[in-house]
Protein chains: 2
Amino acid sequence: MSRLSQVEVEAQLAGYKKLVRKMKQYEEAVGLLYWDMRTGAPKKGLETRSEVVGELSTEIFRMSVSDEMGGYLEVLTAPGQLEELDAISRKMVTESKKEYDESKKIPPDEYQAYVVLTSQAETIWEEAKNNNDFKLFEPYLEKIVATTIKFIDLWGYEGVKYNCLLDMYERGMNVEKLDKVFGALRERIVPLLKQIQASPNHPDRSFLNQQFDKDKQKQFSLFILREMIYDFDAGRLDETAHPFATGLNPGDVRITTRFLPNDPTSALFGTIHEGGHALYEQNIAADLIGTNLCTGTSMGIHESQSLFWENVVGRSRGFWERYYGELQQNFKGQLDDVNVDTFYRAINHIEPSLIRIEADELTYNLHIMIRYELEKSLINGDIKVADLPEAWNAKYKDYLGVEPATDSEGVLQDVHWSGGAFGYFPSYALGYMYAAQITNTLRKQFPEFDDWVAAGHLLPIKEWLADQIHQYGKLLTPDEIILKVSGEPLNPEYLIQYLENKYKHVYGL
Amino acid sequence: MSRLSQVEVEAQLAGYKKLVRKMKQYEEAVGLLYWDMRTGAPKKGLETRSEVVGELSTEIFRMSVSDEMGGYLEVLTAPGQLEELDAISRKMVTESKKEYDESKKIPPDEYQAYVVLTSQAETIWEEAKNNNDFKLFEPYLEKIVATTIKFIDLWGYEGVKYNCLLDMYERGMNVEKLDKVFGALRERIVPLLKQIQASPNHPDRSFLNQQFDKDKQKQFSLFILREMIYDFDAGRLDETAHPFATGLNPGDVRITTRFLPNDPTSALFGTIHEGGHALYEQNIAADLIGTNLCTGTSMGIHESQSLFWENVVGRSRGFWERYYGELQQNFKGQLDDVNVDTFYRAINHIEPSLIRIEADELTYNLHIMIRYELEKSLINGDIKVADLPEAWNAKYKDYLGVEPATDSEGVLQDVHWSGGAFGYFPSYALGYMYAAQITNTLRKQFPEFDDWVAAGHLLPIKEWLADQIHQYGKLLTPDEIILKVSGEPLNPEYLIQYLENKYKHVYGL
């Protein structure tokens, strides 16, 4: 097509941005519908409510692949055109184009069949998990894997097929990079774990075994969020079975947590974790509102923010020097005989276990590597679905020294694969690595970092993260963010050092 | 156009119903967005949130006037066609056609200008009310009245122009009917009010002047809703500045109330009132879900349900015979010296006042008649906007014997006119009349009605209302409902009798 005039391009760009804003508005509505379904929507309305969510979600997809969108993208990505756009517009268009091309490559009826399949598979997975019946789930998972591979072939990929999926969750990530960082990590933390297990010096956790009042737990969660400078004029805290954070827009980023009567650390660290996610979304720059860049840049960077607050800050010795008195005061009489050191060691207890979501910050990464290796093999065609349970159990024995007695507490424990979310798990481990690497920069730039934490002086930390990471939303890629922040690409060494230093201290190794 | 085959008509009908369902789904999303904004959405997100509401609302309007909708309606309302549809489809199409024709008669740019005007006017009205400055609001109100009259001319009307507006809120209502029923009502309740005022026997309300714990108020609100058989699996109770009920779908009908520390009757009767609205929406038949008939048939019938529960049941002697002990128990020590009779008389205290929303069930109707007469005159061109304050004050003196010292507590008190909602006020008084007429039928059919209330045996009452009224949604018109229920058209005599009987008793006249 012939080159358009500047005025015509401006008009196309304005039309494009209006369409994207509309999609974001629909996404905000869907976000609220989900939040409501999880926090307290009456159960008899849920069937109709699901149809509302389905209708609006379908409409978002329709807009994303509409002729209108196609027309704008054709003009705005014409040779020489993209480079002339301002940085935000250029990045917006690039993201839309990628999404548009990906969606357009899948025949609509195949995509529809896949949506139905994964929807059924989730129900079947739940039944299989409840009945410890992998065979029930197996044919569904086989179809999901086969369809995923088919889609990858349509989308195209560099190197191995699994790279295509990694790139979707973490732009720029591939097997080569991951194998390297995970390899380095495993090599050092497996021996560290063995040392810890052999230590005679295990933390005392017995004092956690008492009843902690729910309202008091909630008061403390609210207190800690205020200390983190979570903005309650741009958010709220509610209760759900599974904690989450959801950014409807930067002025409305909600957190949920859950309160276990006999374990206050669940709500406490769940709240701090989700608070870390929420700080990211609350601090995205105002000029990205209403664009497709108004969200965290990747799952991995997002997780780095939640894990930074949960572990680097929230499970540090300094943090509890500052806040343990307040915690004792909050649960008056219940922690009087427990000193800060005992408490600190208890919340940093390491123990190999079968269940990922209950794992500590050291072994968590091993849970992820197992999943990474298995799904990589599945997608690249190196193992079959039928072989998964055995392979799973073998790896657990190898890496963690534990072995599931049932598939329910083994290969069936996570929902992800039933929804076709292959390539997602590595983001969790990336989050740990990014968090440690970011912390290293923080400590270098601010030698007083630990003093700040120990004084509860968290504002400069929150502001630095907002300035370095949050404000950019999706304008920078994960690679660009980590390079800009730390001066080097992803490097697992920081996490290794962090874990070694911390746990040698906790366990007196 | 030539007549379509049965198969083609079926296809058109299916397409039409799908479009209507989609509109309902959007309405549910908008309903939730509003509920959320009022119950606790963080304030910094509200600007973006308003845009989301605007976008989805605009989309609903677009669908309602779309060529797609026009095409379906043309086929389905073709000569002879409508009569062949089943009752639900026929009524759906009739409603859509009326809405479509009305919307299409207004030029889009004029409608857009009107939306902007009323949006600005509401802000100006608020400022005018706060500063007691009617002159500030006057030019906006003039424009709104002029535009409304212009729209009425485009829509068309029978008799006088104001009829067009009445019919929008209460299908089938007109000035002739209203003048008659309001005339009859006024003729009897103005003397009754004078008698009451002259009575030496005024209720003691002094015991309400103490602090009532908010949580205890809430507990009692929840208790009473359960007694009314409000279904908490299909609803929830929250707190807002202005109480409301919202039916997102029959499985999700939410209530809000407010708790005043020094007046427990505000939350109590507010909750029962909104509970009455909610029972209506919870009990609409399942086969109307997803249709444009899945809502109350009119504002007036809706209000009859809330007022029935609030006043006929909730302010009756029998109700408190059953529940006063529970109330005393709930506010332990605070009502020990107040017997049920004193309480009953206190909650049925009559006093002419300036403010509609604080009025009792007797004088409320006079507040409405004043507004009715004024807006009727405005729309029919008998008075000018500039004359409103004086006319308002004169009528208050005449009907209620009180006179506003300022326009803020006079003509500026209500938001309605700033939004162009002329014709809405009468619905409130119709609600009182319908409620009394329905109660009369109930008492005739069930001589044990009062015993049921006095025993807290509310289930058969709730079920009868669901069976007679709620299940039909908008399938029957208000006229049809009241005729079916009571065997005669709207008759103000029942309200007059109800008020005379009750207040002669309360005031010992």
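Right, let's walk through the structure included here.

Criteria and cut-off values
Residues numbered from 1 in each chain as written. Chains lettered and ligands numbered in written order. Predicted model: local features only at pLDDT ≥ 70, side-chain atom pairs only at ≥ 80, totals over all residues. Heavy atoms only, no water. Helix = DSSP H or I, 4+ residues; strand = E, 2+ residues; numbered from the N terminus. Rg over C-alpha atoms; globule rule 2.2 N^0.38 Å. Buried < 20%, exposed > 50% of the residue type's maximum accessible area, 1.4 Å probe, protein only. Phe/Tyr/Trp six-rings, centres within 6.5 Å; stacked < 30°, edge-to-face > 60°. Lys NZ or Arg CZ within 6 Å of the ring centre and 35° of its normal. Contact = heavy atoms within 4.5 Å. Salt bridge = Lys/Arg side-chain N within 4 Å of Asp/Glu carboxyl O. Pairing = 2+ DSSP bridges. Axes fitted to C-alpha atoms, helices over the stretch in contact; angles between N-to-C directions. Buried area = accessible area lost by both parts, 1.4 Å probe. Polar contact = N/O pair within 3.5 Å; in protein donor to acceptor, adjacent residues only side chain to side chain. Nonpolar A, V, L, I, M, F, W, Y, C, P; charged D, E, K, R; others polar. Expected span 1.5 Å × (residues − 1). Bend = angle between axes of the 7 residues up to and from the residue. Parallel < 35°, antiparallel > 145°, perpendicular 65-115°, else oblique. Least-squares fit on C-alpha atoms with pLDDT ≥ 70 in both. Left-handed = near helix turned anticlockwise from the far one by under 90°. Patch = residues over 30% accessible without salt bridge, like charges linked within 9 Å, V, L, I, M, F, W, Y side chains within 5 Å. Areas by Shrake-Rupley, 256 points an atom, 1.4 Å probe, with all protein chains shown as cover.

**Focus: the overall build of chain A**
Along the backbone of chain A there are 20 helices and three strands. At 24 Å, chain A has a C-alpha radius of gyration in line with the 23 Å of a compact globule built from 509 residues. By principal-axis analysis of the C-alpha atoms, chain A measures approximately 75 × 50 × 50 Å. Per-residue burial for chain A yields a buried fraction of 57% across its 509 residues.

**Some points on the packing of aromatic side chains**
Taken as a whole and assessed by the stated rule, the structure comprises 57 aromatic pairs over all chains. Each ring, one from Phe446(B) and one from Trp464(B), has its centre 6.4 Å from the other, and the planes form 90°; the classification is edge-to-face. On the criterion of sequence distance, the pair formed by Phe446(B) in the loop between helix H16 (425-445) and helix H17 (449-454) and Trp464(B) in helix H18 (residues 459-468) is long-range, its members being 18 residues apart. You can call Trp464(B) buried: its relative accessible area is 7%. One aromatic cluster is present, formed by Tyr169(A), Tyr364(A), Trp392(A), Tyr396(A), Trp417(A), Phe422(A), Tyr424(A), Phe425(A), Tyr428(A) and Tyr432(A) through successive ring pairs. Above the ring of Phe425(A), the side-chain terminus of Arg371(A) is found at 5.5 Å from the ring centroid.

**Structural notes on the environment of Phe422(A)**
All names here are of chain A. Following the sequence through the fold, Phe 422 ends up in the loop between helix H15 (388-400) and helix H16 (426-445). For the pair Phe 422 and Tyr 372, spaced 50 residues apart in sequence, the C-alpha to C-alpha distance is 8.7 Å. Residues within four places of Phe 422 in sequence aside, it is in contact with Leu 141, Ile 144, Val 145, Thr 148, Leu 165, Tyr 169, Glu 375, Leu 378, Ile 379 and Trp 417.

**With respect to the side chain of Ser427(B)**
Residue and element names in this part refer to chain B. With respect to the helices and strands, Ser 427 occurs in helix H16. Look at Ser 427 and you get buried, because its relative accessible area is 1%. Residues in contact with Ser 427, not counting those within four places in the same chain, are Tyr 169, Glu 170, Met 299, Gly 300 and Glu 303.

**Quick notes on the pattern of salt bridges**
Evaluated as defined, the whole model comprises 78 salt bridges over all chains. A salt bridge links Arg317(A) to Glu321(A); the nearest nitrogen and oxygen atoms lie 3.2 Å apart. Of this pair, Arg317(A) and Glu321(A) both sit in helix H12 (residues 317-330), four residues apart, which is roughly one turn of that helix. Linking Glu138(B) and Lys135(B) is a salt bridge whose minimum nitrogen-to-oxygen distance equals 2.8 Å. On the criterion of helical spacing, the pair formed by Glu138(B) and Lys135(B) is a turn pair, its members being three residues apart in helix H6 (residues 134-155). You can call Lys135(B) exposed: its relative accessible area is 58%.

**Comments concerning the environment of Ile350(A)**
Residue and element names in this part refer to chain A. Here Ile 350 lies in the loop between helix H13 (340-346) and helix H14 (364-379). The exposure class of Ile 350 is buried, given its relative accessible area of 3%. Residues Ile 350 and Lys 376 lie 26 residues apart in sequence; the distance between their C-alpha atoms is 28 Å.

**Considering the sheet that holds strand E3 (residues 252-257) of chain B**
Residue and element names in this part refer to chain B. The strand order across the open sheet formed by three strands is E1-E3-E2, and the pairing between neighbours is mixed. Each having just a single partner strand, strand E1 (237-239) and strand E2 (245-249) make up the two edges of the open sheet. Neighbour-to-neighbour, the strand axes of this sheet turn through a mean angle of 25°, independent of strand direction. Pairing of E2 with E3, which is carried by four bridges, proceeds in the antiparallel orientation. Among the inter-strand pairings, Asn 249 is bridged to a residue of E3, identified as Asp 252.

**Considering the interface of chain A and chain B**
Listed per partner, the contact involves 37 residues of chain A and 37 residues of chain B. For the pair chain A and chain B, the summed buried surface comes to about 3000 Å²; carbon and sulfur atoms form 52% of the total. Where chain A packs against chain B, one counts 16 salt bridges. Note that Glu28(A) is salt-bridged to Arg49(B), the shortest N-O span being 2.8 Å. Our enumeration of links across chain A and chain B arrives at 23 residue pairs in polar contact (both at pLDDT 80 or more). Counted by class, the side of chain A that touches chain B contains 13 nonpolar, eight polar and 16 charged residues.

**Things to note about H6(B)**
Residue and element names in this part refer to chain B. Here H6 contains 22 residues, and its C-alpha end-to-end distance of 30 Å stays within 8% of the 32 Å for a straight helix at 1.5 Å per residue. The sharpest bend along H6 comes to roughly 25°, located at Tyr 140. For H6, the complete set of buried residues consists of Phe 134, Phe 137, Glu 138, Leu 141, Ile 144, Val 145, Thr 147, Thr 148, Ile 149, Phe 151 and Ile 152. Contacts made by the buried residues of H6 are with helix H5 (108-131), helix H7 (162-169), helix H14 (364-379) and helix H15 (388-400). Immediately beyond the C-terminal end of H6, within one or two residues, lies Gly 156, with a positive phi of roughly 90°.

**A closer look at the sheet that holds strand E1 (residues 237-239) of chain A**
All names here are of chain A. Strands sit in the order E1-E3-E2 across an open sheet of three strands; the sheet is mixed. Taken across any chain shown, the strands that pair with only one partner, and hence form the sheet edges, are E1 and strand E2 (245-249). The mean inter-strand angle of the sheet, taken between neighbouring strand axes irrespective of direction, is 25°. The pairing of E1 with strand E3 (residues 252-257) spans three bridges and is classified as parallel. By the bridge assignment for E3, Glu 239 is matched with Thr 257. Packing of helix H9 (residues 214-227) onto the sheet brings it into contact with E1 and E3, and relative to E1 it is tilted by some 150°.

**Points about the packing of helix H1 (residues 6-39) of chain A against helix H2 (residues 46-64) of chain B**
Between H1(A) and H2(B), whose axes approach to 9 Å, the crossing angle comes to 105°. Considered as vectors, H1(A) and H2(B) are oriented roughly perpendicular to each other. Along the contact surface, H1(A) presents Arg21(A), Lys22(A), Gln25(A), Tyr26(A), Glu28(A), Ala29(A) and Leu32(A), while H2(B) presents Thr48(B), Arg49(B), Glu51(B), Val52(B), Glu55(B), Leu56(B), Glu59(B) and Arg62(B). Split by residue class, the contact of H1(A) with H2(B) holds five nonpolar, two polar and eight charged.

**Let's talk about the relation of the copies chain A and chain B**
When chain A is brought onto chain B, the operation consists of a screw motion whose angular component is 180° and whose axial shift is 0.0 Å, with 0.1 Å RMSD remaining. Those values place the two copies in the arrangement expected of a two-fold rotation axis. Using C-alpha coordinates, one finds that chain A approaches the rotation axis most closely at Ala29(A), a distance of 3.4 Å. The fraction of interface residues of chain A whose copies in chain B are also interface residues reaches 100%, indicating that both copies meet through the same surface.

**Focus: the side chain of Ser96(B)**
Residues and elements named next belong to chain B. Structurally, the position occupied by Ser 96 is in helix H4 (residues 87-105). Using a relative accessible area of 6% as the deciding quantity, one classes Ser 96 as buried. A distance of 3.1 Å separates the side chain of Ser 96 from the side chain of Asn 292, its partner in a polar contact. Contact partners of Ser 96, with chain neighbours within four places excluded, come to Tyr 16, Val 20, Met 69, Leu 73 and Asn 292.

**Observations concerning H7(B)**
All names here are of chain B. The buried count for H7 comes to six of eight residues, which makes it a mostly enclosed element. Those residues of H7 that fall on the buried side of the exposure criterion are Tyr 162, Asn 163, Cys 164, Leu 165, Leu 166 and Asp 167. In this fold, the buried residues of H7 make contact with H4, H6, helix H8 (175-198), H14 and H16.

**Observations regarding the pairing of E3(A)**
Counting buried residues along E3(A), six of its six residues qualify, which places the element largely inside the surrounding structure. Between E2(A) and E3(A), which pair antiparallel one after the other, the connecting turn spans two residues.

**Quick notes on the packing of H5(B) against H6(B)**
Residue and element names in this part refer to chain B. In contact at an axis separation of 9 Å, H5 and H6 are set at 150° when each is read in the N-to-C sense. Taken as axis vectors, H5 and H6 run roughly antiparallel relative to one another. Crossing geometry of H5 relative to H6 is assigned as left-handed. Between H5 and H6, the contacting residues are Glu 110, Tyr 111, Tyr 114, Leu 117, Thr 118, Gln 120, Ala 121, Ile 124, Trp 125, Glu 127 and Ala 128 on the first element and Leu 136, Phe 137, Tyr 140, Lys 143, Ile 144, Thr 147, Thr 148, Lys 150 and Phe 151 on the second.

**Regarding the environment of Met69(A)**
All names here are of chain A. Inspection of the secondary structure assignment puts Met 69 in helix H3 (residues 67-76). Relative accessible area serves as the criterion here: at 3%, Met 69 is assigned to the buried category. Setting aside anything within four residues of it in sequence, one finds Met 69 in contact with Tyr 16, Leu 19, Val 20, Met 23, Met 63, Ser 64, Ser 96 and Tyr 100.

**Some points on a nonpolar patch on the surface**
A cluster of nonpolar side chains, namely Phe61(A), Tyr111(A) and Val115(A), defines an oily patch on the protein surface of about 220 Å² accessible area. Here Phe61(A) lies in helix H2 (residues 46-64).

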